[in-house]
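Each chain is listed here by its residues.
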Amino acid sequence: MARRSKLLDPINLFVPKFRVEECLAEIRECLEAGWTGLGFKTVQMEQKWIAYTDLPHAHFINSATSGLHLAVRLLKDVDGWTEGDEIISTALTFVSTNHAIKYEGLNPVFADVDEYLCLDPEAVRLAITPRTRAIMFVGMGGNTGQLSEIIKICQEHDLRLILDAAHMAGTRLDGQHVGQGADVTVFSFQAVKNLPTADAGMICFESATLDEEVRKWTWLGINKDTYTRTVSENRYRWHYDVENVGYKYHGNSVMAALALVGLRYLDEDNAQRRNIASRYRSMLSKSANLSLVSIPEGCVSSQHLFQIMTDNRDEVMDQLNQRDIFPGVHYKDNASYRMYADLQGSCPRAHRASERLISLPLHVSMTEQDASYVAQSLLEIVEA
Ligand SMILES: *Cc1c(COP(=O)(O)O)cnc(C)c1O
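The following paragraphs examine the structure supplied in this document. Nothing here was measured: the structure is a model prediction, and the numbers come from that model. (Residues numbered from 1 in each chain as written. Predicted model: local features only at pLDDT ≥ 70, side-chain atom pairs only at ≥ 80, totals over all residues. Heavy atoms only, no water.)

1. Re the pairing of strand E5 (residues 132-138)
Counting buried residues along E5, six of its seven residues qualify, which places the element largely inside the surrounding structure. In this sheet, E5 lies alongside strand E3 (residues 86-90) in parallel orientation, the contact comprising three bridges. When the bridges of E5 are listed, Ile 88 appears paired with Ile 135. Sheet analysis places E5 next to strand E6 (residues 160-164), joined by five bridges and oriented parallel. Looking across to E6, one finds that Met 136 is bridged to Ile 162. Each parallel crossover has a hand, and the one from E5 via helix H6 (residues 147-157) to E6 is right-handed. (Buried < 20%, exposed > 50% of the residue type's maximum accessible area, 1.4 Å probe, protein only. Helix = DSSP H or I, 4+ residues; strand = E, 2+ residues; numbered from the N terminus. Pairing = 2+ DSSP bridges. Right-handed = clockwise from strand over helix to strand, strands pointing away.)

2. A word on the packing of helix H3 (residues 64-79) against helix H7 (residues 208-217)
Remark: H3 packs on H7, axes separated minimally by 11 Å, with the N-to-C direction vectors making an angle of 120°. In terms of their interaxial angle, H3 and H7 are classed as oblique. H3 and H7 meet at a crossing whose hand is right-handed. Note on element contacts: H7 touches H3 through Leu 210, Glu 213, Val 214 and Trp 217, opposite Leu 70, Arg 73, Leu 74, Leu 75, Asp 77 and Val 78. Within the contact of H3 with H7, the residues separate by chemical class into seven nonpolar, no polar and three charged. (Axes fitted to C-alpha atoms, helices over the stretch in contact; angles between N-to-C directions. Parallel < 35°, antiparallel > 145°, perpendicular 65-115°, else oblique. Left-handed = near helix turned anticlockwise from the far one by under 90°. Contact = heavy atoms within 4.5 Å. Nonpolar A, V, L, I, M, F, W, Y, C, P; charged D, E, K, R; others polar.)

3. A short note on the nonpolar core
Across soluble globular proteins, nonpolar side chains show a tendency to be buried alongside one another. Ranked by size, the top nonpolar core spans 70 residues in total, and within it Met 45, Trp 49 and Ile 135 carry the most contacts. Domain assignment of the residues forming this core places at least three in each of domain 1 (20-264) and domain 2 (267-382). Setting aside chain neighbours within four positions, we find Trp 49 in contact with Asp 54, Ala 58, Ala 169, Phe 187, Phe 189, Leu 195, Met 202, Cys 204, Leu 263 and Leu 266. (Core = buried A, V, L, I, M, F, W, Y, C linked by side-chain atoms within 4.5 Å. Domains from an automatic or database assignment.)

4. Some thoughts on the packing of helix H1 (residues 20-33) against helix H9 (residues 253-284)
Two elements in contact, H1 and H9, have axes separated by 9 Å at closest approach and are oriented at 145°. Note that H1 runs across H9; the crossing there is right-handed. Across the interface between the two elements, Glu 22, Cys 23, Glu 26, Ile 27 and Cys 30 of H1 pack against Ser 253, Val 254, Ala 257, Leu 258, Leu 260, Val 261, Arg 264 and Tyr 265 of H9. Considering only residue class, the contact of H1 with H9 consists of nine nonpolar, one polar and three charged.

5. Examining the packing of aromatic side chains
Scanning the model with the defined rule gives nine aromatic pairs in all. A centroid spacing of 5.0 Å and a plane angle of 75° characterise the contact between Trp 49 and Phe 187, whose relative ring orientation is edge-to-face. Of this pair, Trp 49 sits in helix H2 (residues 41-53) while Phe 187 is found in strand E9 (residues 184-188), placing the two residues 138 residues apart along the sequence. Accessibility assignment for this pair places Trp 49 and Phe 187 in one class, buried. The structure contains a cluster of three or more aromatic residues connected by ring pairs, namely Trp 49, Tyr 52, Phe 60, Phe 187 and Phe 189. Just above the ring of Tyr 265 sits the side chain of Arg 19; from NZ or CZ to the centre is 4.0 Å. (Phe/Tyr/Trp six-rings, centres within 6.5 Å; stacked < 30°, edge-to-face > 60°. Lys NZ or Arg CZ within 6 Å of the ring centre and 35° of its normal.)

Below is the structure:
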């Protein structure tokens, strides 16, 4: 195979691709209009996201972390949850997922993962107690795992479903964009996610009432945003009320400008990610020293990650680094963090995975030749 010269750029885990001229044109509109804040492009992005996903509502926010917090907060208020109530979640995730539960004084209860590295329905059933109020499902790397089973469990046990879709922009299940069947779905448009901005996200409530409510919560509890007041005919547009101690979580027009351009290319970019992934899969699936994560029938993954598992993970990572390949790890078992130490030992499969996982470089500027070089290098290392 072709050798990469040392002079070539290293192959990094994530490199976002921005269509610079198109981004600048969108941002220019904001600057010329003198409107960089809430409203204008944020409204356009919400409308385009609804059209793209076919979800009933969408509110553009400053991060998925904020969105997950408000998902918990609003469901807690509307259902009357109390401190100490439980949400079943995963130990194998970015800490945002579980912090969102803690912010509201609720207890995350970890259930173990399945072969897709997503919550295992059987483990979830066993984790249900009289205090369980919701399930927080993370679509790992864009994979839907056994999401349909989880939706059934929520229906059977009258639990809310919060979908942490930070990796899932563009993931489809049985032909539909993910989010159907969840009470609330939260997407991330953070700098290295599939639809990158700098920091932004989208919160999509199923309920129209909660969608209306969340727009106040992201703007300090103010019940009428500045933009609506500016464009309305109302002579007394400076009058507004503050209904609750809300947060400053809304998104802005500069981020929305980047998101609008990213959305135009999301399907094309995700298809390129799946090409890289299938090159990896075809080259790596034969190795007895590696395990891959499969994608269930009906799922067209956004392919945010391509994860493999191997023994001696840290050493394999070092050797890949020596070949100018810089992969990542998603994620450390959250129970190994001091903040979640009380949950240690609850998820043996997630724990073992977290010691063996590697996320291979995967981004849209990679060529299939780059992917072959990464796969060949990995094979040489693990077969040695
Ligand atoms: C990135 C990420 C988040 C947080 O997203 P931000 O937009 O950076 O707040 C939450 N959950 C998962 C699984 C993530 O990967």
